[in-house]
Amino acid sequence: MKVGFIGLGAMGRPMALHLHRAGHELFVWARRPQSAAGLPATLCATPAELGRNCAVVFTVVTSSADVESVALGKDGLSEGMASGSILVDCSTIAPASARHIAAKAGRKRHTPARCPGLRR
Amino acid sequence: MNIGFIGLGIMGRPMALNLLKGGHHLTVWARRAESMQPLLAAGAKAAANATEAARGNELVISMVADAPDVAEVMRAVAAAGQAGLVAVDMSTIAPAAARKIAEDLAAAGVDFVDAPVSGGEVGAIAGTLSIMAGGSEHAFARAKPAFECMGKNIVHVGESGAGQVTKAANQIVTGMGVLAVAEAFAFAAKNGVDRSKVREALLGGFAYSKILENHGQRMLDRNFKPGFKSWMHEKDLNIVMQTAHELGLCLPGSAATAQMFNAMVGSGMGEEDSIAVLKLLERLSGQE
């Protein structure tokens, strides 16, 4: 499966590598492109471009505002992701923010799911 | 071994029965004569008072409610004038009170071990209690065969009082743990999220604990029967806070938890299990 991954920090990077090891084709975007260095993945220019390539996208970033900007901002995921694709945010953010993103992205007919990583 | 056993309540009765099962000869005494009946039926001898429970024995064990009870019982034990006697108190009392009792008994030639337990009624019946002991090497070694009939995890922590310090530390973790799980559940419910699913998810992460697993399930089942009564958890955290005040030690989490258990006692929930703190939280936030 073509899987998108945004957020390649202490948590995101090893999580993305697990997806690669399981045989998925990785597409990544990073605010600082050097954080993607050495990853067995296709580096995309914007979240929107990443979204166009993938049926499932994971985000593991820092704050509610980061998730909102990556998902809903200019050149964000929702501009690229096709109808029926799935956005999974694994960051730990406010429940209200997660519901807001679900509602906004859902209006564009994606299916957002949430599963914050528990080992924080 | 010839053992005297004093205090046959929810905890003491099954602990004494396990000593009988382990082949020890038991003399028992309890304030209420009817609590002695199950032990006498199982082969124990009855004593007329605490002094008589100590007389002729190598070891005497008390399991009563609070420090004044222990002090009173141990004064009676000292009066037996039993040379070479080791006295063990397994109640939960203040470390300072345990140290004072150890000194008083030493003056009467009696060795003392403070050996409070964790594991509740279930652990007492199964003989799987955690026993945390304070006292001399010699006294601990003398009591150990008896401990092995009642518990699994038996640790000689240090000198007199060290057992009670350990038990107080245990009550800090269990008290705050219960409150933490209750707050997490109140948070989930107020957000319209299924708490049983929350528990299931948390069990796989860093939030895993026996308290989340066992007490969390009982909270979901709304099973607030004791278990461990909230007035007793309040009593134990009072020991923690008293000791902390004496030392100038800052324990903000224990203080908040102690006040929640205090409020449970004040609002008539003292006889319920301390996990009923969930109900109090719900009441405070209009979740009933």
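Residues numbered from 1 in each chain as written. Chains lettered and ligands numbered in written order. Predicted model: local features only at pLDDT ≥ 70, side-chain atom pairs only at ≥ 80, totals over all residues. Heavy atoms only, no water.

Colleague: Is there a simple way to think about the overall build of chain A in this case?
Modeller: Counting secondary structure elements, chain A contains five helices and six strands. Across chain A, helices and strands are ordered from the amino to the carboxyl terminus as β-α-β-β-α-β-α-α-β-α-β. Within chain A, the proportion of its 120 residues that are buried is 43%. Expressed as a percentage of contacts within chain A between residues at least 6 apart in sequence, the contacts between residues at least 24 apart total 62%. Accessible surface for chain A amounts to roughly 6100 Å². Of this, 57% is attributable to carbon and sulfur atoms. (Helix = DSSP H or I, 4+ residues; strand = E, 2+ residues; numbered from the N terminus. Buried < 20%, exposed > 50% of the residue type's maximum accessible area, 1.4 Å probe, protein only. Contact = heavy atoms within 4.5 Å. Areas by Shrake-Rupley, 256 points an atom, 1.4 Å probe, with all protein chains shown as cover.)

Colleague: Honestly, the overall build of chain B in this entry has me stumped. Any pointers?
Modeller: Helix and strand content of chain B: 13 helices and nine strands. Its C-alpha radius of gyration of 20 Å places chain B within 12% of the 19 Å reference for a compact globule of 288 residues. Each principal axis of the C-alpha atoms in chain B carries an extent, and together these give about 65 × 45 × 35 Å. Here chain B, with 288 residues, has 48% of them falling under the buried criterion. Long-range contacts, defined here as pairs at least 24 residues apart, represent 64% of the contacts in chain B between residues at least 6 apart. Charge centroids of chain B, computed over 25 positive and 28 negative side chains, lie 5 Å from each other. (Rg over C-alpha atoms; globule rule 2.2 N^0.38 Å. Lys, Arg positive; Asp, Glu negative; His and termini not counted. Charge placed at Lys NZ, Arg CZ, Asp CG, Glu CD.)

Colleague: Quick question: what am I supposed to make of the packing of aromatic side chains here?
Modeller: Any aromatic ring pair is given by two values, namely how distant the centres are and how the planes are angled relative to each other. Residue and element names in this part refer to chain B. Here the structure, examined in full by the defined rule, presents two aromatic pairs over all chains. Arranged with centres 6.0 Å apart and planes meeting at 45°, the rings of Phe140 and Phe147 form a pair that is tilted. Across the pair, exposure class does not vary: Phe140 and Phe147 are buried alike. (Phe/Tyr/Trp six-rings, centres within 6.5 Å; stacked < 30°, edge-to-face > 60°.)

Colleague: So what exactly am I meant to see when it comes to the packing of helix 3 (residues 64-72) of chain A against helix 5 (residues 95-107) of chain A here?
Modeller: When two helices pack together, their arrangement is captured by the angle between the axes and the distance separating the axes. Residue and element names in this part refer to chain A. One can describe the packing of helix 3 onto helix 5 by two numbers: an axis separation of 10 Å at closest approach and a directional angle of 5°. The pairing of helix 3 with helix 5 is recorded here as roughly parallel in orientation. For the pair helix 3 and helix 5, contact is made by Ser64, Val67, Glu68, Ala71 and Leu72 and by Ser97, His100, Ile101, Lys104 and Ala105, respectively. Its residues assigned to classes, the contact of helix 3 with helix 5 shows five nonpolar, three polar and two charged. (Axes fitted to C-alpha atoms, helices over the stretch in contact; angles between N-to-C directions. Parallel < 35°, antiparallel > 145°, perpendicular 65-115°, else oblique. Nonpolar A, V, L, I, M, F, W, Y, C, P; charged D, E, K, R; others polar.)

Colleague: In this structure, what is going on with the pattern of salt bridges? I would like to understand it.
Modeller: Opposite charge on two side chains allows them to pair when their charged atoms are near. All names here are of chain B. What the rule picks out here adds up to 13 salt bridges over all chains. The residue Arg32 makes a salt bridge to Glu34 at a minimum N-O spacing of 3.5 Å. Take Glu34: its relative accessible area is 52%, and that puts it in the exposed class. Across the pair Asp236 and Lys235 runs a salt bridge whose closest N-O atoms are separated by 3.5 Å. Through salt bridges with shared partners, a single ionic network connects Arg195, Arg222 and Glu282. (Salt bridge = Lys/Arg side-chain N within 4 Å of Asp/Glu carboxyl O.)

Colleague: What exactly am I supposed to notice about the packing of helix 4 (residues 67-78) of chain B against helix 5 (residues 95-107) of chain B here?
Modeller: All names here are of chain B. Viewed as axis vectors pointing N to C, helix 4 and helix 5 meet at an angle of 10°, and their least axial separation amounts to 10 Å. Put simply, helix 4 runs roughly parallel to helix 5. Here helix 4 contributes Ala67, Val70, Ala71, Met74 and Ala78 to the contact with helix 5, which in turn contributes Ala97, Ile101 and Leu105. Here the residues of the contact of helix 4 with helix 5 are counted per class, giving eight nonpolar, no polar and no charged.

Geometric values such as these leave the question of function open.
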